[in-house]
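# Fold and geometry: a report
Chain by chain, the residues run as shown.
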Amino acid sequence: MPDVPFKRLLTPGRSDERYFFRSDFTLNLYHGCNHGCAYCDTRSVCYGIANFDQVRVKAGALPALDAELRGKKRAGVVSMGAATDAYNALEAKLQVTRGALQLLLRYGFGVVMATKSALIARDADVLAAIARQRYSCIAFSITTADAALAALLEPGAPPPAERFAAMGALAQAGVPTGLWLNPMLPFLTDTRENIHALLESTAAAGGRFAICHFGVTLREGDREYFYQTLERHPSLAGVKAKYVNAFGLAYMCPSPHAEALAAYFAQECRRLGLLDSFPALNAALATVEPQQMRLL
Ligand code: SF4
């Protein structure tokens, strides 16, 4: 499989911390993803990624990243894997993500990342060192507590229990971690029972936060793939028709019960001691401010 060429790895741009995880740069070391999520936004036509299910690595990424990090005047927080999962099928062997984390540690940068993979537990040592030195925030993308439903919707990803086990391993190592309950799929996962089970598991694993937007986005490319998945599985019969009737071609597809579910979510997070908003989470983790770049 061909490697992916690139010109620059780190894209600067500070996130709006009212609406997202804190970050100062984005970094994607791979193209494509093997987790096969039925609702994946990166399949959308607007991104133009061919053969999205085949993971490809950016050739020579680590020496290039080393040079880019060394050239920065100030360190910051790097968001990894925004357009793909940094812990994919190739990463177990190539260890490019691990190598990048070691470089972030070496140059005093922080990291924020969402993943569906339990492989991230392999790198608990580096992530914990980054957390101690600078800033680390790892969000586990887990959309349903129902393993059978997860196998239909996210066929290439580990079962929810394995993701929670990895969350527990990171928390045990001292890495701030929590639940990214996105998307919440109307007519499939938007229930109080699902929220209750996921939040209980997050708290039991030592997670510190849970973030949910109570809906899904669908657009050209992504929508068709999602509907094909719904049509393929007899247990999901009738769900596509509900989407078509409720949302048509709309991009934003909120749960019909979003308001009530949000109230329940907030109540459960309070009960379990989980942070449930970006302002609260980013403020809680902002214990070390950016420092002048060290000369190494
Ligand atoms: S893990 Fe993320 S990038 Fe990969 S298929 Fe699922 S939603 Fe897409």
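## Some details on the overall build of the chain
Summing up its helical and strand segments, the chain has 11 helices and 11 strands in all. Its C-alpha atoms give the chain principal-axis dimensions of roughly 60 × 45 × 30 Å. If you take every contact in the chain between residues at least 6 apart in sequence, the share linking residues at least 24 apart comes to 82%.

## Digging into the site of the ligand
The full set of residues close to the ligand is C33, H35, G36, C37, C40, T42, T84, D85 and K116. Looking at the shell around the ligand residue by residue, the class counts come to three nonpolar, four polar and two charged.

## Observations regarding the packing of helix α3 (residues 96-106) against helix α4 (residues 124-133)
For the pair α3 and α4, interaxial distance at closest approach is 9 Å and the crossing angle is 25°. By the angle class used here, α3 and α4 are roughly parallel. Considering the relative orientation of α3 and α4, their crossing is left-handed. Across the interface between the two elements, R98, L101, Q102, L104 and L105 from α3 touch V126, L127, A129, I130 and Q133 from α4.

## Overview of the sheet that holds strand β1 (residues 10-12)
Strand order across the open sheet formed by seven strands is β1-β2-β5-β6-β7-β8-β9, with mixed pairing between neighbours. On the outer flanks of this sheet lie β1 and β9 (209-212), each paired with one strand and no other. Within this sheet the neighbouring strands show an average axis-to-axis angle of 25°, counted without direction. Here strand β8 (residues 177-181) pairs with β9 via four bridges, running parallel. Note that in β9 the partner of L179 across the bridge is A210. Against the sheet, helix α6 (residues 160-173) contacts β7 (136-141) and β8, and its axis sits at roughly 165° relative to β7.

## Things to note about the confidence of the model for the chain
Chain-level statistics for the chain give a pLDDT mean of 94 and a share of 96% at 70 or above. Confidence over residues 289-296 falls short of pLDDT 50; this stretch has 14 contacts with residues more than four positions distant or in other chains.

## Examining the pairing of β8
Regular strands have side chains that alternate between both faces of the sheet. The buried fraction of β8 amounts to five of the five residues, a majority that puts the element mostly inside the structure. For the crossover from β8 across helix α7 (residues 192-205) to β9, the handedness is right-handed.

## Let's talk about unusual backbone geometry
Of note, the bond from N182 into P183 is cis; its omega dihedral lies within 30 degrees of zero at -5°. Looking at the secondary structure, you find P183 in the loop between β8 and α7. Of note, the phi angle at F187 is positive, near 70°, even though the residue is not glycine. Secondary-structure assignment places F187 in the loop between β8 and α7. Exposure remark for F187: the 18 C-beta atoms within 10 Å place this residue in the partly exposed category. Non-glycine residue F214 carries a positive phi angle of around 60°. With respect to the helices and strands, F214 occurs in the loop between β9 and β10 (215-217). Judged by the 20 C-beta atoms lying within 10 Å of it, F214 falls in the buried class.

Criteria and thresholds
Residues numbered from 1 in each chain as written. Predicted model: local features only at pLDDT ≥ 70, side-chain atom pairs only at ≥ 80, totals over all residues. Helix = DSSP H or I, 4+ residues; strand = E, 2+ residues; numbered from the N terminus. Contact = placed C-beta atoms within 7 Å. Near = placed C-beta within 6 Å. Nonpolar A, V, L, I, M, F, W, Y, C, P; charged D, E, K, R; others polar. Axes fitted to C-alpha atoms, helices over the stretch in contact; angles between N-to-C directions. Parallel < 35°, antiparallel > 145°, perpendicular 65-115°, else oblique. Left-handed = near helix turned anticlockwise from the far one by under 90°. Pairing = 2+ DSSP bridges. pLDDT = per-residue confidence, 0-100. Buried ≥ 20, exposed ≤ 12 C-beta atoms within 10 Å, placed from the backbone. Right-handed = clockwise from strand over helix to strand, strands pointing away.

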